[in-house]
Amino acid sequence: MRVPVAGLLTRNLMDRSKLEAGLKASGWKTVTISGPQLSDGLDTLLVDLEHPSAMKVIRSATAIRCLAYGPHVDRKNLQKAQEAGADLTLPRSKLFGNLEAIATQLLE
């Protein structure tokens, strides 16, 4: 059985380590994305809206699911991410508070 692969776009090392641990616990492999060029073989993408390339990456993720997250007070960027094509936008606190459930949901 193939292990699903999630691309992570974040410069925040704490976010990255939490995402890697939560996704791994739910059966995912993770790879770090550094810009708009996406690796082949990705099943989903998690994008930190505080990353400078966030919107470019979201717009380039047309063939895979994309989850964008950011500060709950930054409603403007959460809305822009949705308009750019993100399948799901969440405040950071909701993502990390429900990471394993969300990771399982992304498998569906």
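Residues numbered from 1 in each chain as written. Predicted model: local features only at pLDDT ≥ 70, side-chain atom pairs only at ≥ 80, totals over all residues. Heavy atoms only, no water.

Colleague: What's the story with the overall build of the chain in this structure? I'm lost.
Modeller: On a plain count of helices and strands, the chain comes out with 5 helices and 5 strands. Tracing the chain from N to C terminus, the helices and strands come up as β-α-β-β-α-β-α-β-α-α. Since a compact globule built from 108 residues should have a radius of gyration of about 13 Å, the 12 Å found for the chain is in line with a globular shape. In terms of overall dimensions, the chain has a C-alpha envelope of 40 × 30 × 25 Å along the principal axes. (Helix = DSSP H or I, 4+ residues; strand = E, 2+ residues; numbered from the N terminus. Rg over C-alpha atoms; globule rule 2.2 N^0.38 Å.)

Colleague: Help me understand the packing of aromatic side chains, please; the structure alone is not making it clear to me.
Modeller: The description of an aromatic ring pair rests on the distance of the ring centres and on the angle between the ring planes. Scanning the model with the defined rule gives 1 aromatic pair in all. Sitting over the ring of Phe96, Lys18 keeps its end group 5.4 Å from the ring centre. (Phe/Tyr/Trp six-rings, centres within 6.5 Å; stacked < 30°, edge-to-face > 60°. Lys NZ or Arg CZ within 6 Å of the ring centre and 35° of its normal.)

Colleague: Can you help me understand the nonpolar core in this one?
Modeller: It is characteristic of soluble globular proteins that their nonpolar side chains tend to be buried jointly. Within the largest apolar cluster, 18 residues are counted, with the highest numbers of intra-cluster contacts made by Leu45, Val47, Leu49, Ile58, Cys66 and Ala81. Taken together, the elements giving at least two residues each to this core come down to strand 1 (5–9), strand 3 (44–48), helix 2 (54–60), strand 4 (65–70) and helix 3 (75–84). For this core, the leading source of residues is helix 2, giving 4 residues. If sequence neighbours within four positions are ignored, Leu49 has contacts with Ala54, Met55, Ile58, Ala68, Tyr69, Gly70, Asn77, Leu78 and Ala81. The next biggest cluster of nonpolar side chains, apart from the first, holds 14 residues, and it includes Ala6, Leu46, Leu99 and Ile102. (Core = buried A, V, L, I, M, F, W, Y, C linked by side-chain atoms within 4.5 Å. Buried < 20%, exposed > 50% of the residue type's maximum accessible area, 1.4 Å probe, protein only. Contact = heavy atoms within 4.5 Å.)

Colleague: Help me out: how do you make sense of the pairing of strand 4 in this one?
Modeller: If a strand is regular, its side chains alternate between the two faces of the sheet. With 5 of 6 residues buried, strand 4 is to be regarded as a mostly interior element. Where strand 3 and strand 4 come together, 5 bridges link them in parallel fashion. Opposite Leu45, over in strand 4, you have Cys66 as the bridge partner. You can see the chain leave strand 3, run along helix 2 and come back into strand 4, and the turn it takes is right-handed. As paired strands, strand 4 and strand 5 (residues 88–91) are joined by 4 bridges and run parallel to one another. Across the sheet, the residue bridging to Leu67 is Leu88, located in strand 5. For the handedness criterion, the β-α-β arrangement of strand 4, helix 3 and strand 5 is classed as right-handed. (Pairing = 2+ DSSP bridges. Right-handed = clockwise from strand over helix to strand, strands pointing away.)

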